[in-house]
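# Residue-level structural notes
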Amino acid sequence: MMIKKVFLAVLMTAALAGCETQTEGQQRATTGALIGGAGGALVGQAIGGNTKSTVIGAASGALLGAVVGSATTPQRRGEQLCRYRDRYGQIYTAPCDDRYYRGDY
């Protein structure tokens, strides 16, 4: 039993160590997946009481946590891209100007 705890601690440390080079959105998705997976495993075990339920709960929780973590990443001003059309009808993307942030678009 002690070996399982040590293995889990090493695995979690390795997973979190890789977060240093990630963007903020990737970090939030990773953290959400870890927290969601742990919570889902606990709920799955409490509801089903067997390994299959625990695995299904962990997978569901990790997926939901990653989606929520990624979706709640705030956009910084200037990083939002808008679509523009030039005078020749060509559509291109570029950082949004102040009209977007004021709601005057």
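Below: a short report on this structure. (Residues numbered from 1 in each chain as written. Predicted model: local features only at pLDDT ≥ 70, side-chain atom pairs only at ≥ 80, totals over all residues. Heavy atoms only, no water.)

All right, on to helix H2 (residues 24–48) then. Along its 25 residues, H2 runs 35 Å from first to last C-alpha, staying within 8% of the 36 Å computed at 1.5 Å per residue. The complete set of buried residues in H2 reads Gly25, Ala29, Gly32, Gly36, Gly37, Gly40, Ala41 and Gly44. If you follow the buried residues of H2, they end up packed against helix H3 (51–71). Gly49, located one to two residues past H2, shows a positive phi value of around 75°. (Helix = DSSP H or I, 4+ residues; strand = E, 2+ residues; numbered from the N terminus. Expected span 1.5 Å × (residues − 1). Buried < 20%, exposed > 50% of the residue type's maximum accessible area, 1.4 Å probe, protein only. Contact = heavy atoms within 4.5 Å.)

On strand S1 (residues 81–85), burial follows the alternation: Cys82 and Tyr84 on one face are buried, whereas Leu81, Arg83 and Arg85 on the facing-out side are not. With five bridges joining them, S1 and strand S2 (residues 91–95) adopt antiparallel strand pairing. Within S2, the residue paired with Leu81 across the bridge is Pro95. Here S1 hands over to S2 after five residues, with Gly89 in that stretch at a positive phi of 90°. (Pairing = 2+ DSSP bridges.)

Our next topic: the packing of H2 against H3. Look at H2 against H3: their axes get within 5 Å of each other, and the N-to-C directions meet at 150°. When the interaxial angle is binned, H2 and H3 end up roughly antiparallel. In this structure, H2 meets H3 at a crossing whose hand is right-handed. Taken together, the residues of H3 that come into contact with H2 (itself represented by Gly25, Arg28, Ala29, Gly32, Ala33, Gly36, Gly37, Gly40, Ala41, Gly44, Gln45 and Gly48) are Ser53, Thr54, Gly57, Ala58, Gly61, Ala62, Gly65, Ala66, Gly69 and Ser70. Residue classes in the contact of H2 with H3 are distributed as six nonpolar, 15 polar and one charged. (Axes fitted to C-alpha atoms, helices over the stretch in contact; angles between N-to-C directions. Parallel < 35°, antiparallel > 145°, perpendicular 65-115°, else oblique. Left-handed = near helix turned anticlockwise from the far one by under 90°. Nonpolar A, V, L, I, M, F, W, Y, C, P; charged D, E, K, R; others polar.)

A word on the side chain of Thr54. Counting through the fold element by element, Thr54 comes out in helix H3. Here the side chain of Thr54 touches Gln45 through a polar contact of 2.5 Å, side chain to side chain. For Thr54, the residues in contact, after removing those within four places along its chain, are Ala41, Gly44 and Gln45. (Polar contact = N/O pair within 3.5 Å; in protein donor to acceptor, adjacent residues only side chain to side chain.)

The topology assignment puts Gly36 in helix H2. The exposure class of Gly36 is buried, given its relative accessible area of 16%. Along the sequence, Gly36 and Ser60 sit 24 residues apart, while their C-alpha atoms lie 7.9 Å from each other. Other than its neighbours up to four places away in sequence, Gly36 contacts Gly61 and Ala62.

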